[in-house]
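Next come the chains, spelled out residue by residue.
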Amino acid sequence: MYDAIIIGGGPAGLQAALTLGRIHRSVLVVDSGSYRNAPTEHLHNLIGFDGAPPADLRAAARRDLAGYATVEYAGGTVAEVRGDAGAFEVVFADGQSESTRAVVLATGVTDELADIPGLAEQWGRRVAHCPFCHGHEFAGRRIGILASDPARLAHLGGLLRPISSDLVPVDGVERIDEHGDGLRLTLADGSTVDVDGLFASSTVRASPLVAALGLEVGASGGVLIDPMGRTSRPGVYAAGDTAHLRELPGAMQSIAAAIAAGMMAGATVAADALAHT
């Protein structure tokens with residue numbers, strides 16, 4: 001029986017594994033190989049890796065984990081989690097299963113985008129959603145903001161104003177095409193707007209495991225956790241983009257935050273285990 005099975009091999013899951021491996025707890029990391037930032041060529045706003053391909057960070061983390069005998073890493077997907085704290089059974093898509101005392105959900109989320117032709121193809125490239133992650137790359141250029149909510153327009157506009165030479169609020173976009181080094185947005189009335197980059201939002205969808213485990217979720221669609229990474233179900237912890245602190249007004253999703261949450265969840269798994277021995 002493992003001390004913890006970590007479902008997800010992104011920054012949150014890998015950090016949780018490292019934290020537990022450092023104190024010689026037995027850990028299995030299950031990595032589906034599917035990552036939210038896969039469309040992005042470079043990650044940003046993470047010291048030491050600013051501008052590096054996301055795969056470089058994961059590879060470096062896996063090299064670190066290889067130095068810990070109690071940490072195992074496996075590719076695959078999890079179909080089901082059964083049982084209760086101290087005696088979970090994690091069932092894989094191929095029907096195999098492993099037992100564990102605790103489960104850490106680091107499954108991330110899936111972005112569901114508006115049905116606008118060209119949006120998905122440009123997502124993570126010339127279309128972004130986080131100014132901290134992608135704003136600097138459009139410095140001194142013309143940036144569009146796709147939003148109809150005045151509050152979101154004001155928020156993004158305030159963050160991007162020191163970066164952009166020209167901010168262009170747009171709504172009713174019917175199509176997005178590459179145009180030179182930027183984008184051409186076709187609007188509902190047939191007119192077009194040319195921008196160098198575009199900021200848009202998505203709706204996030206959590207792993208089906210969240211509903212199957214009966215975990216409490218917030219308005220953002222993420223699993224609600226306490227500051228230590230505990231979910232509403234004993235023995236199940238969450239970290240990364242899928243986990244949202246109850247105390248915060250909304251999701252704070254970034255690689256740096258995911259790493260911090262993974263460390264906290266890993267430490268809490270160990271602390272809770274001590275409390276019940």
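Shown above is the structure to which this text applies.
Residues numbered from 1 in each chain as written. Predicted model: local features only at pLDDT ≥ 70, side-chain atom pairs only at ≥ 80, totals over all residues. Heavy atoms only, no water.

J.: Could you give an account of the pairing of strand 2 (residues 27-31), naming the residues involved and the relevant values?
T.: By the criterion of burial, strand 2 is predominantly enclosed, with five of the five residues buried. With burial as the criterion, each face of strand 2 is covered, one bearing Val-27, Val-29 and Asp-31 and the other bearing Leu-28 and Val-30. Judged from the four bridges that link them, strand 1 (residues 4-7) and strand 2 form a sheet pairing that is parallel. When the sheet's bridge partners are listed, Ala-4 is paired in strand 2 with Val-27. Since strand 1 and strand 2 lie parallel, the crossover through helix 1 (residues 11-21) that links them has a hand, and here it is right-handed. As paired elements, strand 2 and strand 3 (residues 71-75) share five bridges and run parallel to each other. Opposite Leu-28, over in strand 3, you have Glu-72 as the bridge partner. In this fold, the crossover linking strand 2 to strand 3 by way of helix 2 (residues 54-65) has right-handed handedness. (Buried < 20%, exposed > 50% of the residue type's maximum accessible area, 1.4 Å probe, protein only. Helix = DSSP H or I, 4+ residues; strand = E, 2+ residues; numbered from the N terminus. Pairing = 2+ DSSP bridges. Right-handed = clockwise from strand over helix to strand, strands pointing away.)

J.: How would you summarise the sheet that holds strand 12 (residues 173-179) if you had to cite specific residues and measurements?
T.: A sheet is described by the order of its strands in space; here three strands give the open sequence 12-13-14, paired in antiparallel fashion. Single-partner strands in this sheet number two, and they are strand 12 and strand 14 (192-195). Each strand axis lies, on average, 20° off the axis of its neighbour in the sheet, ignoring direction. (Axes fitted to C-alpha atoms, helices over the stretch in contact; angles between N-to-C directions.)

J.: Lay out the pairing of strand 11 (residues 166-170) in plain terms, naming residues and giving numbers.
T.: Pairing analysis gives five bridges linking strand 10 (residues 142-146) to strand 11, with the strands arranged parallel. What sits directly across from Gly-144, in strand 11, is Val-168. Between the parallel pair strand 10 and strand 11, the chain is carried across by helix 5 (residues 150-160), and the sense of this crossover is right-handed.

J.: Summarise the sheet that holds strand 7 (residues 103-105); cite the residues concerned and give the values.
T.: Reading across the sheet, the five strands line up as 3-2-1-7-18 and stay open at both edges, with parallel pairing between neighbours. The sheet is open, and its two borders are formed by strand 3 and strand 18 (236-238), each paired with just one other strand. With strand direction ignored, the average angle separating the axes of adjacent strands in the sheet is 20°.

J.: Tell me about helix 5, and please be specific about residues and values.
T.: Looking only at helix 5, the buried set comprises Leu-156, Gly-157 and Leu-160. Down the axis of helix 5, the buried side of the element spans an arc of 105°, and every buried residue falls inside it. Facing away from the buried side of helix 5 by over 90 degrees, the exposed positions are Pro-150, Ala-151, Ala-154 and His-155. In this structure, the buried residues of helix 5 make contact with helix 4 (131-134), strand 10, strand 11 and strand 15 (197-199). (Arc of directions from axis to C-beta. Contact = heavy atoms within 4.5 Å.)

J.: Could you give me a rundown of the packing of aromatic side chains, with the residues and numbers involved?
T.: Think of a pair of aromatic rings as described by two things: how far the centres are apart, and how the planes are tilted against each other in angle. Enumeration over the complete set of coordinates arrives at one aromatic pair. Arranged with centres 6.1 Å apart and planes meeting at 75°, the rings of Phe-138 and Phe-199 form a pair that is edge-to-face. With Phe-138 in the loop between helix 4 and strand 10 and Phe-199 in strand 15, the pair connects residues that are 61 residues apart, well separated along the chain. One residue, Arg-58, lies across the ring of Tyr-35, its end atom 3.6 Å from the ring centre. (Phe/Tyr/Trp six-rings, centres within 6.5 Å; stacked < 30°, edge-to-face > 60°. Lys NZ or Arg CZ within 6 Å of the ring centre and 35° of its normal.)

J.: Requested: an account of the side chain of His-44, with residues and values cited.
T.: Tracing the backbone through its elements, the reader meets His-44 in the loop between strand 2 and helix 2. Judged by its relative accessible area of 15%, His-44 is buried. Excluding its chain neighbours within four sequence positions, the residues that come into contact with His-44 are Asp-50, Gly-51, Cys-133, His-134 and Glu-137.

J.: Describe unusual backbone geometry, naming the residues involved and giving the relevant values.
T.: Phi is positive for His-24, which is not a glycine, with a value near 60°. Here His-24 shows up in the loop between helix 1 and strand 2. Residue Asn-45 is not a glycine yet carries a positive backbone phi of 65°. Secondary-structure assignment places Asn-45 in the loop between strand 2 and helix 2. For Asn-45, a relative accessible area of 43% corresponds to the partly exposed category.

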